Amino acid sequence: MRLPLAVLVSFSVVFGSCSPAPDPDPEQNRLTFFEHLGHTGLKFNWRNLTCPTCKALFVILDIALLSDTNEEHVARTAGEVCIRLHLAEERVCRSITELFRDDFIRALQRSLLLPREACALLVGPSCGKYDIYAPWNVTLPDIPKPPVTPPSPPKPGSPQSRILFLTDVHWDQEYTAGTTADCKEPLCCRKDSGFPSWRRREAGYWGTYGKCDLPLRTVENLLENVAAAGAWDWVYWTGDIPAHNIWSQTRTQQLSELTVISRLIHKHLGPKVKVYPAVGNHESTPVNSFPPPFIHGNRSSSWLYNSMAEEWSPWLSEQAVTTLRHGGFYTMEIQPGLRVVSLNMNFCAPENFWLLVNSTDPADQLQWLVHVLQESELKGEKVHIIGHIPPGLCLSSWSWNYYHIVNRYESTVTGQFFGHTHMDEFEMFFDEADKTRPFGVAFIAPSITTYVDLNPGYRVYYVDGNYKGSSRLVLDHETYILNLTEANHSPGSGKPVQDPKWELLYRAREAYALPSLFPADLDTLIQTFVKDDRFFQKFWYFKHKGHVSEPCKDACKTTEICLLRSGLQEDLGKCTGHHGFVKKLIRSTRKIVC
């Protein structure tokens, strides 16, 4: 779900979430988004606006923003609207409008958005035409795609690489055990959340099921456990360090948390273990604010990228640090024959309001990706792609181009690894020519944080290892959790366990009786979910890291299976034909404050 914001910030969410896909259905996209708003608690409905009123509002806004003196009035008005429409608590409304004001207004001033385009998007096509995120294409080299050889399992006894995967830490400095886990604000279990009264839950020592993030001690306990469970060949870490208190964050706080967590990982895993990080959407403040590199000065992301470069330089090459400073992405050789590409998925995020200025391949990242993959193909390298936001949740044109690229280089891209949803799931990729042939899978790993109603967790991947002719494909994976019910209440005393152990929740191949985790096998697994409900309910339980209140049946199940087959944003729209799609999409599958 998306955090209820003030009206100005709501504009950015709207414009970032309703982009037309190739061959779009604009009215369906619009209706889907408005139903989405209804389920996130937003009381205000843009469909209540008439076309003339909408255009008048945007004309007034454009005129008001011509003068810097009016920015304060616009922000104050937005805060009042947020309060009166009960979009959030008063303190949150006032804080978030102040925090988002400057960046959002600068982005809006630099955008080419016209009132008729905005209102066509908000009210409907009868009010005008919108093509803010019109389709665009990256250029692929005029080199034929090599013949595709179906993958085969490695010979018994072949080397394997053991990879630790960490994502969505969401450390909350204000987490306080004993406070209420059922507060009115978007994030609870904090110093200012108050203390629980009768029938209200309280924050546990190691974490809490609810709208709560994690205390630092739980993050440290995780790192102590994974250090003891080594050795690790390397680590993928796909971001989101700060907590979900997005209305009260500062750059100083974000950088401090980046430093603390980066150094803790280095301390516990040791200097010999390479860590390959990716940028999450919560690293910036305001959240999701990632301007393209042509935005300079104080509004740029250099404050963040430069600090990342300093903290991550022990793990990264000089060339990787250079592109990280430029746009938050990089590539590195992990081993001879294997390369990692770390993408800045914020340049595809619907919530990144800076894409109002220009959403066409921001930072030329995808064109750069094509160049990297072509070079790797010529050298016979295999490539793993890591990033925070899964490609199926991206802007439609970005998502389509990414899909097109990995389809072209399917013999080179042998692993895709993401986080962000906090759930344990995956997205399938099917050949563009033969839509029944699965060629890839994006693995989506569970979060370290509990947000929302989850056990803390992490992932281990087993990949075809370092030897000549290795496929470098994922062979198996394991998910580990910290069972909060047991960790917070030791048998007998009822007090927190002093040194809780993270336990294995499941091994994928064993749990699903699979010969491998190759795309064809996971496609077969999805078909098994359709036929055998026991297997699907097992997936549903694992998806929520062993903490789920009710089974997923009927329309919920149909939607979940549809989503698993959707590595392309455009395909998500095909799931909307199922009853209850948006409700389950927001409540169960995309339960994230972006």
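Residue indices begin from 1 for each chain and proceed along its sequence in written order. In keeping with the predicted nature of the model, local features appear solely for residues at pLDDT of at least 70, side-chain atom pairs appear and are counted solely at 80 or more, and the whole-chain, interface and lining totals rest on all residues. As a rule here, side-chain values come from all non-hydrogen atoms in the structure, and water together with hydrogens is ignored.

Glancing now at the overall build of the protein chain. Counting its secondary structure elements, the protein chain contains 19 helices and 12 strands. Think of it in three bands: residues with accessible area under 20% of the maximum for their type are buried, residues over 50% are exposed, and the middle band is partly exposed, with areas taken using a 1.4 Å probe on protein chains only. Across the 594 residues in the protein chain, those meeting the buried criterion constitute 62%. Here a residue-residue contact requires only that any non-hydrogen atoms of the pair lie within 4.5 Å. Here the contacts in the protein chain between residues at least 6 apart in sequence split such that 73% fall between residues at least 24 apart. Only runs of H or I of at least four residues qualify as helices and only runs of E of at least two qualify as strands under DSSP, and these elements are numbered from the N terminus.

Glancing now at the sheet that holds strand β11 (residues 474-481). One open sheet accounts for 6 strands, arranged β3-β2-β1-β10-β11-β12; its pairing is mixed. With partners counted over all chains shown, the strands left at the sheet margins are β3 (275-277) and β12 (503-507), one partner each. Strand after strand, the sheet turns through a mean of 25 degrees between neighbouring axes, direction not considered. We call two strands paired when DSSP finds no fewer than two bridges between them. Examined bridge by bridge, strand β1 (residues 160-166) and strand β10 (residues 457-464) share 6 bridges and lie antiparallel to one another. Bridging from a neighbouring strand, serine 161 pairs with valine 463 of β10. Axes here mean lines fitted to C-alpha atoms, for a helix over just the part in contact, with angles spanning 0 to 180 degrees between N-to-C directions.

This part covers unusual backbone geometry. For the bond from threonine 285 to proline 286, the omega torsion is 0 degrees, close enough to zero to count as cis. Here proline 286 shows up in the loop between β3 and α9 (302-312). Following tyrosine 451, the chain continues to valine 452 via a peptide bond in cis, the omega torsion being 0 degrees. Here valine 452 lies in the loop between β9 (438-444) and β10. Positive phi, close to 50 degrees, is recorded for histidine 170, a residue that is not glycine.

Attention now goes to the pattern of salt bridges. Salt bridges are identified by distance alone: a Lys or Arg side-chain nitrogen within 4 Å of an Asp or Glu carboxyl oxygen. All told, the structure shown has 20 salt bridges when counted by the stated rule. Between lysine 379 and glutamate 381 there is a salt bridge, with its nearest N and O atoms 3.8 Å apart. Among the ionic pairs, arginine 437 bridges to glutamate 410, the shortest N-O distance being 2.7 Å. Pair noted here: arginine 437 is in the loop between β8 (425-430) and β9 and glutamate 410 is in the loop between α12 (396-408) and β7 (413-418), with a separation of 27 residues, a long-range link. For arginine 437, a relative accessible area of 27% puts it in the partly exposed group. A single network of salt bridges, built from pairs that share partners, joins Lys145, Glu410, Asp431 and Arg437.

Note that a disulfide, as used here, is simply two cysteine sulfur atoms within 2.5 Å. The tally for this structure, following the rule as stated, stands at 4 disulfides. Between the sulfur of cysteine 189 and that of cysteine 212 lies a disulfide, 2.0 Å long from S to S. On the sign convention where negative is left-handed, the bridge of cysteine 189 and cysteine 212, at about 60 degrees about the S-S bond, is right-handed. With cysteine 189 in the loop between β1 and α7 (216-228) and cysteine 212 in the loop between β1 and α7, the pair connects residues that are 23 residues apart, well separated along the chain. The class for cysteine 212 is buried, based on a relative accessible area of 0%.

In this section: helix α16 (residues 533-543). Of the positions making up α16, those classed as buried are Phe535, Phe536, Gln537, Phe539, Trp540, Phe542 and Lys543. Pairing of N or O atoms within 3.5 Å defines a polar contact, subject to two protein rules: one partner must be a possible hydrogen donor and the other a possible acceptor, and residues neighboring in sequence count only if both atoms are side-chain atoms. With a side-chain oxygen positioned 3.0 Å from the backbone nitrogen of arginine 534, the residue opening α16 is aspartate 532. Following α16 by one or two positions, lysine 545 adopts a phi angle in the positive range, close to 55 degrees.

Next up on the list: the pairing of β8. In terms of burial, β8 is a largely internal element, 6 of the 6 residues being buried. Burial along β8 is two-sided: Glu425, Glu427 and Phe429 facing one way and Phe426, Met428 and Phe430 facing the other are all buried. Where β8 lies against β9, 6 bridges are found, and the strand directions are antiparallel. Within the sheet, the bridge partner assigned to phenylalanine 430 lies in β9 and is proline 438.

Tracing the backbone shows valine 219 in helix α7. With a relative accessible area of 2%, valine 219 lands in the buried category. Filtering out sequence-adjacent residues up to four positions away, valine 219 remains in contact with Val169 and Ile261.

What follows deals with the packing of α16 against helix α17 (residues 554-564). Viewed as axis vectors pointing N to C, α16 and α17 meet at an angle of 75 degrees, and their least axial separation amounts to 12 Å. Judged by the angle between their axes, α16 and α17 are roughly perpendicular. For the pair α16 and α17, contact is made by Asp533, Phe536, Phe539, Trp540 and Lys543 and by Cys556, Lys557, Glu560, Ile561 and Leu564, respectively. Each angle receives one of four descriptions, namely roughly parallel if under 35 degrees, roughly antiparallel if over 145, roughly perpendicular if within 65 to 115, and oblique otherwise.

Quick look at the pairing of β11 now. Burial within β11 is extensive, with 8 of its 8 residues counted as buried. Across 7 bridges, the pairing between β10 and β11 is antiparallel. Bridging from a neighbouring strand, arginine 459 pairs with threonine 479 of β11.

Before going further, it helps to examine the sheet that holds β9. The mixed open sheet is built from 6 strands, whose spatial order is β4-β5-β6-β7-β9-β8. Unpaired on one side and paired on the other, β4 (330-335) and β8 mark the two borders of the sheet. Between one strand axis and the next, the sheet turns through 25 degrees on average, direction left out of account. As judged from the 3 bridges shared by β7 and β9, these two strands associate in the parallel manner. Its bridge partner lying in β9, glutamine 416 is registered against alanine 442. Taken strand by strand, helix α11 (residues 365-379) contacts β4, β5 (338-342), β6 (382-386) and β7, and its axis lies near 175 degrees from that of β5.

On to the packing of helix α15 (residues 519-531) against α16. Closest axis-to-axis distance for the α15/α16 pair is 5 Å, and the angle between their directions is 115 degrees. On the basis of the axis angle, α15 is roughly perpendicular to α16. α16 is crossed by α15, and the crossing has left-handed handedness. Packed against α15, whose contacting residues are Leu525, Thr528, Phe529 and Lys531, the element α16 presents Asp533, Phe535, Phe536 and Phe539 at the interface. Put simply, a crossing is left-handed when the front helix is turned counterclockwise from the back one by less than a right angle, and right-handed when it is turned clockwise.

Now for the packing of aromatic side chains. Centres within 6.5 Å are what make two rings of Phe, Tyr or Trp a pair, Trp counting through its six-membered ring; a difference in plane orientation under 30 degrees is then read as stacked, over 60 as edge-to-face, and the rest as tilted. Inspection of every chain in the model, using the stated rule, returns 29 aromatic pairs. For the pair phenylalanine 165 and phenylalanine 417, a centre-to-centre distance of 6.5 Å together with 40 degrees between the ring planes defines the contact as tilted. Here the residue phenylalanine 165 occupies a position in strand β1, and phenylalanine 417 occupies one in strand β7, the gap between them amounting to 252 residues. Across the pair, phenylalanine 417 and phenylalanine 165 agree in class, each one buried. Each member of the aromatic cluster is reached from another via a ring pair, and the members are Phe426, Tyr506, Tyr512, Phe529, Phe536, Phe539, Tyr541 and Phe542. Whether a charge sits over a ring comes down to the Lys NZ or Arg CZ being within 6 Å of the ring centre and within 35 degrees of the ring normal. Taking the ring centre of tryptophan 232 as reference, the NZ or CZ of arginine 162 above it sits at 3.9 Å. Here the basic side chain of lysine 538 rests over the ring of phenylalanine 535, its NZ or CZ set 5.3 Å away from the ring centre.

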